Amino acid sequence: MLNDFLLLMKSELVLAFILFLLLIIKVAAEVKNERLLALIQILLLGNFIYGFFFIQNGSLFGGMYTTNGLIAFQKSILSLGIYLISLLFSDWLKKSEHLIEFFILLLSAVMGMFFLISSESLLMFYLSLELATIPVAAMANFDLHKKISSEASMKMILSSALSSGVLLFGISLIYGATGTLNFSAIPALLDGTGVQILAFIFLFTAFAFKLSIVPFHLWTADVYEGSPIAVTSFLSVISKGSIAFILLTTLYKVFAPMHGLWYNMVMLLSIITMIVGNLFALRQQNIKRFLAFSSIAQVGFILVGISSNSILGTASVVYFVLVYVFSNLAAFGVAGVISQHSGKERIEDYRGLYQTNPFISWVLALALFSLAGIPPTAGFFGKLFLITAGAFKGNYFFITVAALNMIISLYYYLRVIRAVFMDSNEQPIGKINLDISTKLGMIICGAGIVLLGLLSWVYDYITALSI
Amino acid sequence: MLGVFSFGIDLGWALLMIPLLPLLGFLVLGLFGRKQIKQSSGIFATSLVLVSAFLSFHTAYGYFFKYGKLEGVYQKIIPIQFTWLQFSPGVSIDMGILLDPISVMMLVVVTLISLMVHIYSLAYLKGEERFPTYYSFLGLFTFSMLGLVVASNIFQMYIFWELVGVSSFLLIGYYYDRPSAVAACKKAFIVTRFADLGFLIGILILSFYAGTLDFNTLILKLTTTSTPEFLSATAASFMGISALTWALVLVFIGGAGKSALFPLHVWLPDAMEGPTPVSALIHAATMVVAGVFLVARLFPVFSMSAPALELVAFVGIISALFAALIACTQTDIKRVLAYSTMSQIGFMMFALGVSGSGGENGLGFTAAMFHLFTHALFKALLFLGAGAVIHFIHSNEMKDMGGLRKYLPITHITFLIACLAISGVPPFAGFFSKEEILLAAYQHNATIYWIALITSGLTAFYMFRLYFSIFWNKESLAHESAHGEGGFAMMLPLVLLSVGAAAAGFIPFGDFVSSDGKPLESVFHWQFSIAPIALGLAGIFTAMWLYKKQNNRSDTIAHSLSGLYKLAFHKFYVDELYLFITKKIIFNLVGRPAAWFDKNVVNGLVNATGNSTLFISEKIKGFQSGKVQQYAIYFLAGVIGLAILFIYVWK
Amino acid sequence: MMEPGLYHVLIISTALFFIGVFGFLTRRNLITMLMSIELVLNSVNINFIAFNKYAWPNKLDGLFFSIFVIAIAAAEAAVAIAIIINLYRSHQSIDVENAADLKF
Amino acid sequence: MNGSTIIFYLLTTLILVSGILSVTTRKIFRAAIFLLFSLIGIAGLYFWMQYEFIAAVQIVVYVGGITVLIIFSIFLTQQAGELLPKQNKGRILFSVLAAFCGFALTLLQIFRHTFGRSFERPVLPSMENIGNQMLGIEANGFALPFEVVSILLLAAMIGCIVIALRSKPETV
Amino acid sequence: MNLTLLILLPLLTAVAILLMRNDAQVKWTALMGASAQFVLAFCLLFAFRKERALGNIAQMLFEFHYQWFPSWHISFHLGVDGISVAMILLTAFVVIAGVLVSWNVTKMTKEFYFLLILLSLGAYGFFMSLDLFVLFFFLEIAVIPKYLLIGIWGSGKKEYAANKLALMLMGGSALVLVGLLGVYFGAPNHNFDLMLLSSMHIPIAIQKICFPLLFVGFGVFTALFPFHTWVPDGHSSAPTAGSMFLAGISMKLGGYGCLRVATYILPDGAKEYANLVIVLSTIAILYGAFATMMQKDLKYINAYSSVSHCGFVLLGIGMLTKTAMVGAVMQMVSHGLMTALFFAVIGMIYERTHTRQVNEMGGLIKVMPFITTVLFIVGLCSLGLPGLSGFVAEMTIFMGSWQNADLFHRVATIAACMSIVVTAVYILRAIGQTAMGPIKEGHLSVGDARWNEKLAAIILIAGIVAIGIAPYWLNELVTPAADIIMHKIATK
């Protein structure tokens, strides 16, 4: 029993261990930020690597918690994400007064996400969702002296409170209609009556809110813009990834009987999301806000893959999230470095960046190409697999819309590329000396973007896990 | 290469060398002429053409007197042929050499005139900056023209046809810094290109029905009335005219363009912007008769379609008269010669048009070829003579000339011989060939005969108008010219050609060239010649009366005929018509709208897509109001909307 | 009037839920918005308890769910109030309309 | 019409009326008091349903904790006697519309649906049962959620401390 | 002959370029890489001919197979037939010429050559791939380098042009993608392998949906009317080598795709829409030609004429006869070489006169005899002079088109033929105004071509002349491949 417990919950336990270690350090010792950050980076790297060992399938706590290879892999993706965040934003983190608190909150949020992915009951689902949200809302306020930071934080906590209210109401209705909270028991009890549809929609809006699906996305851009960039990247990558994973489980497993319903809904929302995300991204000036809308559009694509309702869908969504971790974190990493060194966050400030900082320009370009789905970057494969999975149903209208949306998205990604590479600027951003760990993070991201697609075994590995 | 060396390796190689030597000249001079062999380029090219000419004479001798005849009939021999581009089984472009009387004759004409021009140019263009370029272009032209005349495959002919066109273009534009030359060379190319379109489509039709592009097979299939190819070609019709006729008419359009027949003649007078030797070679003796040659080459097929032949005849005769009328009024000596060329080609063409195929019926064919031959000699001579005059005077205008017989004695004599030849005064060459043409016309079609008769009278008139204006008229020259007649290199061709122009008429042409390869007995009635000779002499004397001395008789007559004169002087406004069609209609009504449409509609649609996206994006920004309660309302509206949609509407 | 049962309680909870939502949508003061959220969460709790009592008394899932909701609500409220106070310190106002720098 | 029913309707009235007043009154302190009443009413409802434990929790956490927290924060951020600003008409209109539509739709669906019923032996919400299950790790055990909530509370605490105790004066 | 070499070589060159220290090293590395490609392409040609001569009649030679994404049935499958070999040769010619003419690029030289080589990588991969996914992959690889080439090194409205080009091409590839997915899921068993797909019977309903998607999608690349508007802007703003690659290689990707993918896999679709294709391509031919007549900028002239010339490619495909198809391939090769040369010449002229407006030039023969000679040659090739490649290709297309005996095809063919006159008009206008006429004052002191430019021009001219004078080798190369495609269409 204990053995099982240790092995099955190993990822959460490692996180808890790191978390309490940090707590102890906070209470017991004064350590310089640099050394602390190095320690944290090492711990997170260890956590990531450890994620690939001792993987077992099984469930615990009377079917509230479950894990298997795929879930372990998903957790590894998230671990990788936080490791990269700790690398990429080291400049900002080192200067932060609340480094330890930041990581405590971050790790508890990640723990929430781990539980979320592993949850097998609506209760665990709700609780871990909150655990994954509330600390992040607090983290959004970590630029303590910035007005927009507290505004962002306020918007996030209030919106998510409303969203969780709606979610809870949905859960309560499902509970009322089926009498159980357990994922494996629910499908058999669903019969598609009005109240269940209503409950499903209430429940779905929570996903929609977290994933920023239109029209539940409105908080996203404001919060992304106002938050510290590390938090923004966490929100847009890790948080979204985990929600996408659990959405797969929820839709494919729990609401499998309502498949026809949710397929239509996902298709509809996907189309709206892609279009609206793209249209808003077109006109953004702030790079964070821009990335916010672009990530909304990306979610539209994830929905295309999700609509597939097949192993293909699962595999391609997981793969896409993995790719997305590298691409989006690279983009945010560059934005973070620039913002940290020059305080500039507007796209027009990026003009002529290539002249002064070729390395980060290439990283940014790679990231944006990957987001736009240009080969040979991994984003190309990611998007292509999503679309192919979506085409599985033979709905060519949907696929055509998705494919055409790639063009609009290309337009705005190219806007940034244009600013960086083509435009000239009288006052370009000066030469930035990159922190070694930031550079490492960028290199990892760049390598991931380039290699992930070409090395097909990564995808095959995910497919093998998805079955 | 699948050479069919049926007459031994020697003949094959010799034949190949005829066109390839000028090509070699073109390549060598084109690649290295500008620097390495600038000085000797003229000599080099001339010697190549000399060899080539020698080989052609050798070939002609061999063909006509040794091996060409089989049982009294001249054979069509293909000593060399290889497949150049295979389209489908049976249909391929073959490169080859076809020897038959007309091609052999043309070989002689082309190499001979080319040689003369090469020699002449040595002096005429001495000291020019682009001397090697000039010779390389001449080489290209000679090569192409030779390739054209020996073509064994209709597509091969088309290929060289185009090459001839482009070398003509290059040579007309030789004085590239003169805007008029540039305009002229473009005009020449484009007008002939337009005509070639007809040729091309004609080829397409012929090849489709005959299933081959090879001349011999094609002619065989389309002249044997029992073959399925012939039947399908005559059975298929479009707009009431059989496919065969369509094809021939279209091919003829191609020929008419190259040969500057009405109404596609507009380029020829302008082409006189080129160096005068070029005009002699290309725009008088060789290239412009390519159309005649083409019709002659396909003559057996033409003879299967009466309407096509009739068209040939009428276009020919109209061109002849039309050009003669204009020639009477022009003052630029080269233009007069150009119109005269056009008129003479009209003669050849209608001779073909009135001809039948085989035996005595084929008189027109023989006559046309004969005239082609003699015309090449005397017209080249005329141009070269005119060149000598221009070289001396530095002007093309008649008014700048007069009394030149004292300064240019050799030129004067040779020019006179040529004028007499073209006017049809016996015993000069033109007399014999023209007589045959008139006879053929007389036997066939009275209308044509009468018009032709009048035209030949006009010919005599305008030629001697030219002659007198240059060499007589004013006695004193407005400005003295420093240099003399131009030296040996210029005079030698004149003399040689004048010998030809004087004596070529005595060649028993019918023995060699006829529509069916059998010798044709030249019937010669002296009574018949009275009318043409009388008319010719009348023309000469009128010209003498008007132009030998300075007087204002010509102006008076011009005044009294002001309408007609003006019309003819302005070339019947055909140029203006063309300008109107191209500038006003094609450019303004097709080109400009196409460009406008592209810029505004097609491109506009693309831009509008982009702009409307941006516009929508700007319009919907209000949703992102920054107010969290607003967001909450949208959130709830979304929830409720989805719920209503999926519970009630979209089940 | 009939004996109050599941549906009666559900009417209360649903009404309370939307009262809370209404408050959330209309109140301009951040603290009152937070109060509205509390109403929403409480309505959900009523639901859970009611379902547990009237429909599924065989397990205590609903009860436990509402206990955890209360705990979460407390945590959420605490964080929210901290954030609001911080916002108040930087904006000198807790009017939600005044905190709208981030937009479009 | 027995006593229990009367109590039910009284509670209903208390909950809804004070709920409505709490979201509409323009005096913020009163709003907090009405919220308190409403929460107490809900606690009463739990008692009425014989879920005493949860009722007690409700009173302790909400009445004793959250409401007090709210009142404190009101004191921190509000000048006394100040009326709350009025919302604009359009927003109110749309809010009413949204709330009402949602309410109607939800109720309609709820009433259309016949909720199932378990006929197994009920588990009483006694302290003993609750205590056992709360820390159970087998089926029907809630130890894991309990741990999750504890981490959440820890994180929330740390978050609150960091945010609320910001040291330097604001610069932006 | 291992086909992966042709992918590895550009890849290694590109990496090597990134590692170089200074501009001179970069240039020489690029030139060596391009020369190696050139040699390799010829090796491929000879190896291919040898195999064929030895009697290997397999449709594709030198096949290479590697399971890439087995779960999607995607394999890295390469192979060549005569058409591919022809296209690869074309690419090699254009690449080496492009590298040579860019010799004096000074702005960000390393990046410039890197992108050029990357583009060639995309083209080689595209022409060799026998798996639709891989094909699509390489198709898209070639887009972004173009964008950057135009945007960074371009001139004029470069950003607008670059954007338009990238977006329209991506739009095209989006349609291709949808079409490919349609084929993938519509085929009896889900597969991306071109050879397998071609042997399957794809349901007619699927063909009817997918053919237009694929054809239009690829058509955007090859300037199918009315999706050609990126062509003039893109070409005119691109740097010289960019235009050369764009017109010489990139537009051929589309034509090749239309032939190899749309027509070959979906023969019924091709038959169904053949008339539409013919109408559109005929419009493109004439309309492009007429629009060219009105242009005054040399690059616009060549760009619009490319629209017209590429119309011939599509016409040749739409005619659905073997001869026309061979003609289409020849036209692709011919136009690729010719237009690359044309842009190279325009670049040379622009560099010296600093204008591209024809009416601001004149008499350039005097000062730059070599360049104007090349201009003449390329112009004459463009207007279809025999002895140069354009003639061979166009005539083959005409002959092939004419094999369709009905009135519709006849009218289309004649209309297309008419373009040879219009082409002559605009080409002669352009040449006449630039090279001939009196020279402008300011241009008296400009110099002639340098060694690199001469070499580039000579290489391309060699290609043009080799096809023009001896078309039979190209014909022999392409015909068997076209035969197979036509056979498939005919038997369906």
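Just above sits the structure.
The shown structure was predicted, so the numbers you read here are calculated from the model rather than taken from an experiment.

Engineer: What's the story with the pairing of strand 2 (residues 74-80) of chain E in this structure? I'm lost.
Structural biologist: In the case of a regular strand, side chains alternate between the two sheet surfaces. Residue and element names in this part refer to chain E. With respect to burial, strand 2 is a largely interior element, 7 of its 7 residues being buried. Taking every second residue as pointing to the same face, both faces of strand 2 are buried, with I74, F76, L78 and V80 on one and S75, H77 and G79 on the other. Relative to strand 2, strand 1 (residues 61-69) runs antiparallel, the two being bridged by 6 bridges. Looking across to strand 2, one finds that F69 is bridged to I74. Joining the antiparallel neighbours strand 1 and strand 2 is a turn of 4 residues, in which H73 adopts a positive phi near 60 degrees.

Engineer: How do you make sense of the pattern of salt bridges when you look at a structure like this?
Structural biologist: Oppositely charged side chains may form a pair once their charged atoms are brought near each other. Counted by the stated rule, this structure contains 32 salt bridges over all chains. Two residues, E348 of chain A and R346 of chain A, come together in a salt bridge whose shortest N-O distance is 3.8 Å. A residue is classified by how much of its surface remains accessible, and R346 of chain A, at 38% relative accessible area, is partly exposed. R193 of chain B serves as the salt-bridge partner of E162 of chain B, at 3.1 Å between the closest nitrogen and oxygen. Here the residue E162 of chain B occupies a position in helix 5 (residues 154-172), and R193 of chain B occupies one in helix 6 (residues 179-210), the gap between them amounting to 31 residues.

Engineer: Help me understand the interface of chain B and chain C, please; the structure alone is not making it clear to me.
Structural biologist: A common way to express how large an interface is: the accessible area buried when the components associate. Every contact between the two is made by 12 residues of chain B and, on the other side, 14 residues of chain C. Together chain B and chain C conceal approximately 1000 Å² of surface at their shared face, both sides included; 69% is due to carbon and sulfur atoms. Note that K627 of chain B is salt-bridged to E97 of chain C, the shortest N-O span being 3.9 Å. Viewed at the interface, chain C and chain B are joined by 3 residue pairs in polar contact (both at pLDDT 80 or more). In terms of residue class, the side of chain B that touches chain C is made up of 5 nonpolar, 5 polar and 2 charged.

Engineer: Just checking my understanding: could you explain the environment of E576 of chain B for this structure?
Structural biologist: Residue and element names in this part refer to chain B. Looking at the element boundaries, E576 is found in helix 25 (residues 574-619). On the basis of relative accessibility, which here comes to 40%, the residue E576 falls in the partly exposed class. Put simply, E576 and S152 are 424 residues apart on the chain and 39 Å apart in space, counted from C-alpha to C-alpha.

Engineer: What's the story with unusual backbone geometry in this structure? I'm lost.
Structural biologist: Comment: phi is negative for the bulk of residues other than glycine, and the bulk of peptide bonds are trans. The omega torsion of the bond from P375 of chain A to P376 of chain A falls at 5 degrees, within 30 degrees of zero and hence cis. With respect to the helices, strands and loops of the structure, P376 of chain A is situated in the loop between helix 17 (358-372) and helix 18 (378-391). With omega at -5 degrees, the peptide bond leading from F225 of chain E into P226 of chain E counts as cis. With respect to the helices and strands, P226 of chain E occurs in the loop between helix 9 (204-221) and helix 10 (230-237). Its identity is not glycine, yet Q50 of chain D carries a phi of approximately 65 degrees, on the positive side. Mapped onto the secondary structure, Q50 of chain D falls in the loop between helix 2 (28-48) and helix 3 (52-77).

Conventions we followed
Residues numbered from 1 in each chain as written. Chains lettered and ligands numbered in written order. Predicted model: local features only at pLDDT ≥ 70, side-chain atom pairs only at ≥ 80, totals over all residues. Heavy atoms only, no water. Buried < 20%, exposed > 50% of the residue type's maximum accessible area, 1.4 Å probe, protein only. Helix = DSSP H or I, 4+ residues; strand = E, 2+ residues; numbered from the N terminus. Pairing = 2+ DSSP bridges. Salt bridge = Lys/Arg side-chain N within 4 Å of Asp/Glu carboxyl O. Contact = heavy atoms within 4.5 Å. Buried area = accessible area lost by both parts, 1.4 Å probe. Polar contact = N/O pair within 3.5 Å; in protein donor to acceptor, adjacent residues only side chain to side chain. Nonpolar A, V, L, I, M, F, W, Y, C, P; charged D, E, K, R; others polar.

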